[in-house]
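Observations on the three-dimensional arrangement
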Amino acid sequence: MRLVFLGPPGAGKGTQAEQLARDLKLPHISTGNILRQAIKVSTPTGLEAKSYVESGALVPFDIILRLVRDRVLQDDCRRGWILDGFPRNLDQAHALAALLVELKIAAPKVVYFQVRDEVLVRRLSGRRTCRNCQTPFHVEFSPPKSAGKCDRCGGTLDQRADDQEAAIRKRLVVYQTETVPLVAHYRSAGQLLTLSADGDPGQVSTELRSLLGIGVATS
Ligand code: AMP
């Protein structure tokens, strides 16, 4: 199964992708997580990407494409993947299509997470992410069992630099101008599945599985 999760920042793509990927034993490829990890350990890509990620701007095309290409060519991607956060504009969508043609892989289904604006801001400002394993939490909607600590690995929970108010505003503008055109693009290609993602993670997960025609969550 190959899926692309498309939607605004704060739509819950990462949370849903992580759970579904675990259940289906597929890699969850989050370009945002890969970039944050590269920044954390100061790889050349991380150093190049840092200022873009922290301000909420899109990282240049060449960097992202190299990163996605390298990742989907790895062995664990043979059975499929869930792409979360890529593509984010039409240039990236065309590049992905070309890459899949080259690899003789059928076009993926694109799940569009539809969420109201006021829900997004509330979700983003309360979001916390494990510094170590990147598991997402929310201070209000999915708090960790012990405050500030990851349930999974015990790592410290951080607020992302780009979840501060100025960067949130910038990311929502970038989403509107760059990413929204992908909805029409994938709809007209017959690849789009629209998911109503205003609810809590459990409700969204149930709806997602029914949209994809798969069984209930196992984790
Ligand atoms: P995310 O975790 O998906 O919200 O991504 C966090 C940040 O990483 C974005 O605001 C961008 O700076 C960068 N980023 C992630 N994916 C992409 C992409 N496909 N193209 C360009 N920049 C990206």
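Quick caveat, the model's predicted, so the values are computed rather than measured.

Thoughts on the site of the ligand
- Taken together, 17 residues lie near the ligand, and Thr31, Arg36, Ala57, Gly85 and Gln92 sit nearest.
- Within the side chain of Arg88, an N or O atom sits 3.1 Å from an oxygen atom of the ligand.
- In this structure, a nitrogen atom belonging to the ligand sits 2.8 Å away from a side-chain N or O atom of Gln92.
- Protein chains bury 96% of the 480 Å² of accessible surface belonging to the ligand in isolation.
- For the shell around the ligand, the secondary structure elements donating two or more residues are α2 (31-40) and α3 (44-55).
- At four residues, α2 tops the list of elements feeding residues into the shell around the ligand.
- In terms of residue class, the shell around the ligand is made up of eight nonpolar, four polar and five charged.

Regarding the side chain of Arg127
- Tracing the sequence through the fold places Arg127 in strand β5 (residues 127-130).
- Note on Arg127: relative accessible area 18%, which makes it buried.
- Once you skip the residues sitting within four places of it in the chain, Arg127 turns out to touch Gly10, Phe137, His138, Asp158, Gln159, Arg160, Asp163 and Arg171.

Some points on unusual backbone geometry
- Here the bond from Phe86 into Pro87 is cis, since omega is 0°, no more than 30 degrees from zero.
- Positionally, Pro87 belongs in the loop between β3 (81-84) and α5 (90-102).
- A positive phi is found at Ser42, a non-glycine position, where the angle reads about 55°.

Details of helix α6 (residues 117-125)
- Along α6, the residues classified as buried are Val119, Leu120, Arg123 and Leu124. For α6, the buried positions fall inside an angular range of 125° around the axis, keeping them on one side.

Considerations on the sheet that holds strand β6 (residues 136-138)
- Pairing is antiparallel in the open sheet, where three strands are placed in the order β6-β5-β7. Strand pairing shows two members of the sheet lacking a second neighbour, β6 and β7 (157-158), which therefore form its edges.
- Here two bridges tie β5 to β7, and the two strands are oriented antiparallel to one another. Paired with Cys130 across the bridge in β7 is Leu157.
- Strand contacts of α6: β5 and β6, with the helix running at about 45° to β5, the strand carrying the most contacts.

Quick notes on the rules
Residues numbered from 1 in each chain as written. Predicted model: local features only at pLDDT ≥ 70, side-chain atom pairs only at ≥ 80, totals over all residues. Heavy atoms only, no water. Near = heavy atom within 4 Å. Polar contact = N/O pair within 3.5 Å; in protein donor to acceptor, adjacent residues only side chain to side chain. Areas by Shrake-Rupley, 256 points an atom, 1.4 Å probe, with all protein chains shown as cover. Helix = DSSP H or I, 4+ residues; strand = E, 2+ residues; numbered from the N terminus. Nonpolar A, V, L, I, M, F, W, Y, C, P; charged D, E, K, R; others polar. Buried < 20%, exposed > 50% of the residue type's maximum accessible area, 1.4 Å probe, protein only. Contact = heavy atoms within 4.5 Å. Arc of directions from axis to C-beta. Pairing = 2+ DSSP bridges. Axes fitted to C-alpha atoms, helices over the stretch in contact; angles between N-to-C directions.

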